[in-house]
Amino acid sequence: MKYLILGAGPSGLVFANMLKDLGETSYLVLESEETAGGLCRSVMCDGSPLDIGGGHFLDVRRPAVCEYLFRYMPESEWDKYDRDSRIDIGGQEVGHPLEANIWQLDTETQIEYLISIARAGSALGEPKPELFTEWIRWKLGDRITDDYMLPYNSKMFGDNLDRLGTYWLDKLPDVSLEDTLRSCLMHKAYARQPGHAQFYYPHSYGYGEVWLRLADALGDHIEYGRKVCAVDVEKHIVRTADGSIYQADQVITTIPWRSVDELTGLPDELSAAVDSLVSTSIVIDYKPETLDTAAQWIYCPDPDIDYHRILVRSNFVPGGRGYWTETRSERYRGDSGYYNEYAYPLNTVEKPAIIESLLTYAAEHGVYGLGRWGEHMHYNSDVVVERAMDLARRIAGAGGKI
Ligand SMILES: Cc1cc2nc3c(=O)[nH]c(=O)nc-3n(C[C@H](O)[C@H](O)[C@H](O)COP(=O)(O)OP(=O)(O)OC[C@H]3O[C@@H](n4cnc5c(N)ncnc54)[C@H](O)[C@@H]3O)c2cc1C
């Protein structure tokens, strides 16, 4: 066929549907699971939807992406929310980001936090560090680092925390010292949320529904239960675990590079580089108790609790009760959760250079890395949809057809 797409998560599904819109018929999607949606899948649990890849919300920030998804699931089927996320600091819920909501703490603690921020390297004009762990202390001071950022991020990223760089920190809120002081004086948060300030969640379904509809639109252009285990980058030959072999003019891979047992046709240094890509796994677990909070989600830095985030289902699934938790798999103490082997691609210091060389080499040979795993980037689903639309236009939309 002309196009072979590896993975039926949001990236692969949007890319394939873009081909369909172009009038293309020579394409196939290979998916290892028995259903589509990847990390964005949902199941029914205790009478309501539960997102088995974690808490998933559609950010309103990319109108073209929302419009695209509304073609498959009209806007009337979604509810729109203003973000209410909180941090559990010693049993007290404080608004996110913490540095804009210190005013919610008692006066003595506020003073300690403010002194600590005022003594941080960024307030004193010291140069910005290159490592994440040093950056948080430089930016937020000792108290926020030790009470929240360090324990929370250690829970998510484990031993890899010291390997993270700072190039991805546009995902974090950027609150100035002036904003922090103003919020304490005015008793109001002064901060811009970098993502999900407003978001959509389906009214009657989980987040997985829209991806099932994209998959349905592809008909028999998807094959399920086909775990890709070998990819030859030079010859565009792909083998699946059941022994089936496929060859295409172009391969679009949205699966983790490291999930491919036999990756051939790459120079030795690139094969070694692929082995150094790091990720973490998570487990999603459901709890039926309904929590007394208005937050949609709560960050939990307490090292004595295994999970790092709570998703308060009763506050975004109409009629739903209970909540679910996200726990890095090594910390998980339960036995009935949903396991996601590939959850967070990690932003190690060396990753941008590795990915740049890998994707450039592969694209020169007609193999394109796309999405959270194809590009090994901490992308949200709205971003991968946008990137899939762009890539389809670039490599298949020549002649101005789309
Ligand atoms: C805890 C958590 C919370 C998140 N919250 C949000 C949020 O609120 N909003 C948001 O927009 N995004 C969120 N995201 C990000 C979102 O999950 C991703 O952006 C999105 O799933 C990326 O889509 P993808 O298709 O690139 O990858 P994936 O969804 O991972 O899809 C990859 C597909 O490839 C398949 N596959 C893997 N290996 C193989 C193989 N060897 N052979 C064949 N198939 C294979 C998988 O089964 C899967 O279907 C969150 C992610 C996590 C982990």
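Residues numbered from 1 in each chain as written. Predicted model: local features only at pLDDT ≥ 70, side-chain atom pairs only at ≥ 80, totals over all residues. Heavy atoms only, no water.

1. Quick notes on the domain arrangement of the protein chain
Line of reasoning, step 1. Along its sequence, the protein chain is organised into domain 1 (3–67 + 200–290 + 345–396) and domain 2 (97–186).
Line of reasoning, step 2. A straight line from the C-alpha centre of domain 1 to that of domain 2 covers 33 Å.
Line of reasoning, step 3. If you look at the interface, domain 1 gives twelve residues, while domain 2 gives ten residues.
Line of reasoning, step 4. Interface of domain 1 and domain 2: buried area, both sides summed, is about 980 Å²; carbon and sulfur atoms make up 60% of it.
Line of reasoning, step 5. One can count one salt bridge joining domain 1 with domain 2. (Domains from an automatic or database assignment. Contact = heavy atoms within 4.5 Å. Buried area = accessible area lost by both parts, 1.4 Å probe. Salt bridge = Lys/Arg side-chain N within 4 Å of Asp/Glu carboxyl O.)

2. Re the site of the ligand
Line of reasoning, step 1. If you check the shell around the ligand, you find 38 residues, and the closest are S11, E31, H56, Y379 and S381.
Line of reasoning, step 2. In the model, a nitrogen atom of the ligand is placed 2.7 Å from a nitrogen or oxygen of the F57 main chain.
Line of reasoning, step 3. Between the ligand and the protein, one listed contact pairs a nitrogen atom with a side-chain N or O atom of H196 at 3.4 Å.
Line of reasoning, step 4. When isolated, the ligand has an accessible area of 1000 Å², and the protein chains bury 94% of it.
Line of reasoning, step 5. Elements with a minimum of two residues in the shell around the ligand: α1 (10–21), β20 (338–345), α9 (371–374) and α10 (381–396).
Line of reasoning, step 6. In terms of residue class, the shell around the ligand is made up of 15 nonpolar, 15 polar and eight charged. (Near = heavy atom within 4 Å. Polar contact = N/O pair within 3.5 Å; in protein donor to acceptor, adjacent residues only side chain to side chain. Areas by Shrake-Rupley, 256 points an atom, 1.4 Å probe, with all protein chains shown as cover. Helix = DSSP H or I, 4+ residues; strand = E, 2+ residues; numbered from the N terminus. Nonpolar A, V, L, I, M, F, W, Y, C, P; charged D, E, K, R; others polar.)

3. Some words on the packing of aromatic side chains
Line of reasoning, step 1. On inspection of all chains with the given rule, the structure shows 21 aromatic pairs.
Line of reasoning, step 2. With a centroid separation of 6.2 Å and 70° between ring planes, the pair formed by W78 and Y207 is classed as edge-to-face. Taken together, the positions of W78 in strand β6 (residues 78–82) and Y207 in the loop between β9 (198–202) and α6 (208–216) put the pair 129 residues apart, joining distant regions of the chain.
Line of reasoning, step 3. A connected cluster of aromatic rings, assembled from ring pairs, spans F57, Y81, F199, Y201, W297, F316 and W324.
Line of reasoning, step 4. Just above the ring of Y190 sits the side chain of R182; from NZ or CZ to the centre is 5.9 Å.
Line of reasoning, step 5. Stacked on the ring of Y190, the Lys or Arg K188 has its end atom at 4.8 Å from the ring centre. (Phe/Tyr/Trp six-rings, centres within 6.5 Å; stacked < 30°, edge-to-face > 60°. Lys NZ or Arg CZ within 6 Å of the ring centre and 35° of its normal.)

4. Observations regarding the packing of helix α2 (residues 63–70) against α10
Line of reasoning, step 1. Between α2 and α10, the least distance of the axes is 9 Å, while the angle of their chain directions is 85°. When the interaxial angle is binned, α2 and α10 end up roughly perpendicular. Along the contact surface, α2 presents A64, V65, Y68 and L69, while α10 presents D382, V385, E386 and M389.
Line of reasoning, step 2. Class assignment for the residues of the contact of α2 with α10 results in six nonpolar, no polar and two charged. (Axes fitted to C-alpha atoms, helices over the stretch in contact; angles between N-to-C directions. Parallel < 35°, antiparallel > 145°, perpendicular 65-115°, else oblique.)

5. Quick notes on the nonpolar core
Line of reasoning, step 1. By size, the foremost hydrophobic cluster in this structure holds 86 residues, and its most contacted members are F15 and W211.
Line of reasoning, step 2. If you tally residues by element for this core, the top one is helix α4 (residues 132–157), at eleven residues.
Line of reasoning, step 3. Mapping this core onto the domain boundaries places at least three of its residues in each of domain 1 (3–67 + 200–290 + 345–396) and domain 2 (97–186).
Line of reasoning, step 4. If you look at the next biggest cluster of nonpolar residues, it comprises 27 residues, including L30, V231, Y246 and L263. (Core = buried A, V, L, I, M, F, W, Y, C linked by side-chain atoms within 4.5 Å. Buried < 20%, exposed > 50% of the residue type's maximum accessible area, 1.4 Å probe, protein only.)

6. Quick look at the pattern of salt bridges
Line of reasoning, step 1. In total, this model carries 27 salt bridges according to the counting rule given.
Line of reasoning, step 2. Here E386 makes a salt bridge to R62, at a shortest N to O gap of 3.0 Å. Residue E386 is located in helix α10, and its partner R62 is located in the loop between β5 (58–59) and α2; the two are separated by 324 residues in the primary sequence.
Line of reasoning, step 3. For E386, a relative accessible area of 32% corresponds to the partly exposed category.
Line of reasoning, step 4. Put simply, E112 and R143 hold a salt bridge, and the shortest N to O gap is 2.2 Å. Here the residue E112 occupies a position in helix α3 (residues 107–118), and R143 occupies one in helix α4, the gap between them amounting to 31 residues.
Line of reasoning, step 5. Judged by its relative accessible area of 38%, E112 is partly exposed.

7. So, unusual backbone geometry
Line of reasoning, step 1. Cis geometry is adopted by the peptide bond preceding P97, which originates at H96 and carries an omega value of 0°.
Line of reasoning, step 2. As for its position among the elements, P97 is in the loop between β8 (92–95) and α3.
Line of reasoning, step 3. In this structure, H187 is a non-glycine residue whose phi angle is positive, near 55°.
Line of reasoning, step 4. With respect to the helices, strands and loops of the structure, H187 is situated in the loop between α5 (177–186) and β9.
Line of reasoning, step 5. Backbone geometry at H236 places phi at a positive 60°, although glycine is not the residue there.

8. Here we look at the sheet that holds β9
Line of reasoning, step 1. In space, the three strands of this open sheet follow the order β5-β9-β6, with antiparallel pairing throughout. The two strands at the open ends of the sheet, each matched to only one other strand, are β5 and β6.
Line of reasoning, step 2. Two elements, β5 and β9, share two bridges in a ladder whose sense is antiparallel. Looking across to β9, one finds that D59 is bridged to F199. (Pairing = 2+ DSSP bridges.)

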